[in-house]
Structure formats: structure tokens, C-alpha cells
Amino acid sequence: MEPVILLWTGGWDSTFRLLQLLHDTDAKIQPLYLIDEERASTPKEMEVMHEIRSDLEAQLPETRHRLLPTDYGSYRPTEMEPHHRKAWEALKERGRVGLQYPILASYAEQNGIERTELSIEATTGTASILESKVEPRETRGGEVYVLPRKTSAPESMFARFAFPLLDYTKLDMKREAERRGWMAILKKTWFCFNPTFDLPCGKCYPCKIAQKEGMGHRVGWAGPVLAYIRHPRMTAGYVLERAGIKSEIKNLLRRAGLQ
């Protein structure tokens, strides 16, 4: 039986999906991770994935044979296929669609990968674009969403992917994880693109999403304060915002004619 190929980054969403596959199916899981040498979080993500794998082997020894060694690819050298770039440019007009998606689509196409699970959750701009186009399909990894075979561009950029978490928000995942005893693993996951002394920066896109979706406790305050060393203006703004006084200061400056 062919394994489920799961794009695993050591993040909350993809690790939640990994736990679902291990607990709820008998499928073998082939993690895929594309190394981005230029992103500051890459070493942290790889460290987290190694630690989570060790914990899972200790906690679920009966599933050890099902979680296959991670297949590593390279993110930056992957040449974006022109048709995927064109599709991405069109999709960006409708909402936020990250640069990683045309690159992942190109990587899958260039390496003959027919189906990879992407752990895109319900509140993202990409999910809002896909939700009216996808259809449920039963797979060896359970029910997931996929695009119909005859989907036209630009959505066809996602034709080689499956979406198991389009119905989930991060808080949905948290509730299920608490109920099923998975939180110890999920607390080890990583999300920040620009870690400062191994702490979340508070200002990158994943940090903002965590705060927006009720997971601000994962960002905390220490990382943003330490990031002041590198980005004083940015971090000062973050601290003021967390203190609830940033908008008041802006109003005062406007009244004084200084902004």
C-alpha cells in the first residue's frame, strides 16, 4: 500500500494531521519537508520535527513502522513552472496565497508526486479560495478534500494536493487535541518564521495568524521584547499593541496634527 505523503513542517497544523493519521488510520505516512536555507526558522523546524518523532516513537511504538523517514527536498532551487506562476498571480487577486504553493506545485510536478496532503486550515485565504471548488474523497488517510480532475486554471495549481483540514480552525484542533491527549506533542510545534533566541518574534505572518486565531499565548511577550535588539521600532509597536494602548497613541498624535 502506498503511503500518505504529508507535507510536514513541525508546525501545529501538519503535526495535528500527523497525529490524526497515526491514531485514526493504518496508513503509512511519508513526511515531506522542503529545506529553505534562507529562512531563519529552518533549523528550528528540523529540530522540532526530530524531537516530535522521538516522542512519538516512545509513546506509540506500535506505529513506528508506519512513520517513514522524512523525505527532504530543496525549496529555493525548485524552479517555478511558468503555468504555476501564472496561476498564483491570478489567485493572489482573490486573497492571500503564499509563494510556497506554486513552488510546492512545481516540486510535485517535477518529481512525479501525484498526491500530497497540505494542512491548510479553515481561516486562511487559500482555504476560502478552495472551499467552493473542492469535493470530499475517501482515501487511505480517511476523508480529505481534493479538486475535481477537470478543474481549470488557476485553481488547478492545487490539483496534486489533498486537503484534510479545510473544516478545522486552530481552536478546533486544540479542542480535539485536548480531548484526545495530544497537547504535549502539539505544544512542541513551531510556527514563527523569525525566531529570536528560540522564541517567536510576534510580527511575522504565522505569529500574527496565531494571535488572530486565539492562540496568542503561543507567541507570548518575551520573544518580541528580545527582538527589539534587532528591530526596535517594529517590536516597540508590538509591545504597545499588546498593552492595548497603540490605537490611543495614534489618536493622540492625529489630534495633535503629528500623524
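Here, the structure is the one placed above.
This text gives an overview of the structure that appears in the document. This structure is a prediction, so every number in the text was calculated from the model and none was measured. (Residues numbered from 1 in each chain as written. Predicted model: local features only at pLDDT ≥ 70, side-chain atom pairs only at ≥ 80, totals over all residues. Heavy atoms only, no water.)

### A short note on the packing of helix α1 (residues 12-24) against helix α6 (residues 170-180)
Here's step 1: One way to put it is that α1 packs onto α6 with a least axis distance of 11 Å and a crossing angle of 40 degrees. As judged from the angle between their axes, α1 and α6 are oblique. Pair α1 / α6 crosses with left-handed handedness. On α6, the residues that touch Trp12, Asp13, Phe16, Gln20, His23 and Asp24 of α1 are Lys170, Met173, Lys174, Glu176, Ala177 and Arg180.
Here's step 2: A per-class count over the contact of α1 with α6 returns four nonpolar, two polar and six charged. (Axes fitted to C-alpha atoms, helices over the stretch in contact; angles between N-to-C directions. Helix = DSSP H or I, 4+ residues; strand = E, 2+ residues; numbered from the N terminus. Parallel < 35°, antiparallel > 145°, perpendicular 65-115°, else oblique. Left-handed = near helix turned anticlockwise from the far one by under 90°. Contact = heavy atoms within 4.5 Å. Nonpolar A, V, L, I, M, F, W, Y, C, P; charged D, E, K, R; others polar.)

### Looking at the packing of aromatic side chains
Here's step 1: Summed over the entire model, instances satisfying the criterion amount to seven aromatic pairs.
Here's step 2: Taken together, the aromatic side chains of Tyr101, Phe158, Phe161 and Phe163 make up a single cluster linked through ring pairs.
Here's step 3: A cation sits over an aromatic face here: Lys44 above Trp190, 5.2 Å from the ring centre. (Phe/Tyr/Trp six-rings, centres within 6.5 Å; stacked < 30°, edge-to-face > 60°. Lys NZ or Arg CZ within 6 Å of the ring centre and 35° of its normal.)

### Regarding unusual backbone geometry
Here's step 1: Residue Pro154 is bonded to the preceding Ala153 through a cis peptide linkage, with omega at 5 degrees.
Here's step 2: Here Pro154 shows up in the loop between β6 (142-146) and β7 (161-162).
Here's step 3: You will see that Phe197, though not glycine, has its phi angle at about 50 degrees, which is positive.
Here's step 4: Relative to the elements of secondary structure, Phe197 occurs in the loop between α7 (183-186) and α8 (205-212).

### Notes on α6
Here's step 1: Three or more residues of α6 are buried, namely Lys170, Met173, Glu176 and Ala177. Here the buried residues of α6 occupy an arc of 125 degrees about the axis, which is enough to place them on one side. Residues Arg175 and Arg179 are exposed on α6 and point more than 90 degrees away from its buried face.
Here's step 2: Next to the buried residues of α6 lie α1, α7 and α8.
Here's step 3: Positive backbone phi, at 75 degrees, marks Gly181, one or two positions downstream of α6. (Buried < 20%, exposed > 50% of the residue type's maximum accessible area, 1.4 Å probe, protein only. Arc of directions from axis to C-beta.)

### Some details on the packing of helix α3 (residues 82-91) against helix α4 (residues 100-110)
Helix-helix packing: each pair is described by the crossing angle between the helix axes and the interaxial distance.
Here's step 1: Direction vectors running N to C along α3 and α4 enclose 155 degrees, while the axes themselves pass 9 Å from each other. When the interaxial angle is binned, α3 and α4 end up roughly antiparallel. Handedness of the crossing formed by α3 with α4: right-handed. From α3, His83, His84 and Trp88 reach across to α4, where they touch Pro102, Ala105, Ser106 and Glu109.
Here's step 2: Looking at side-chain class alone, the contact of α3 with α4 contains three nonpolar, three polar and one charged residues.

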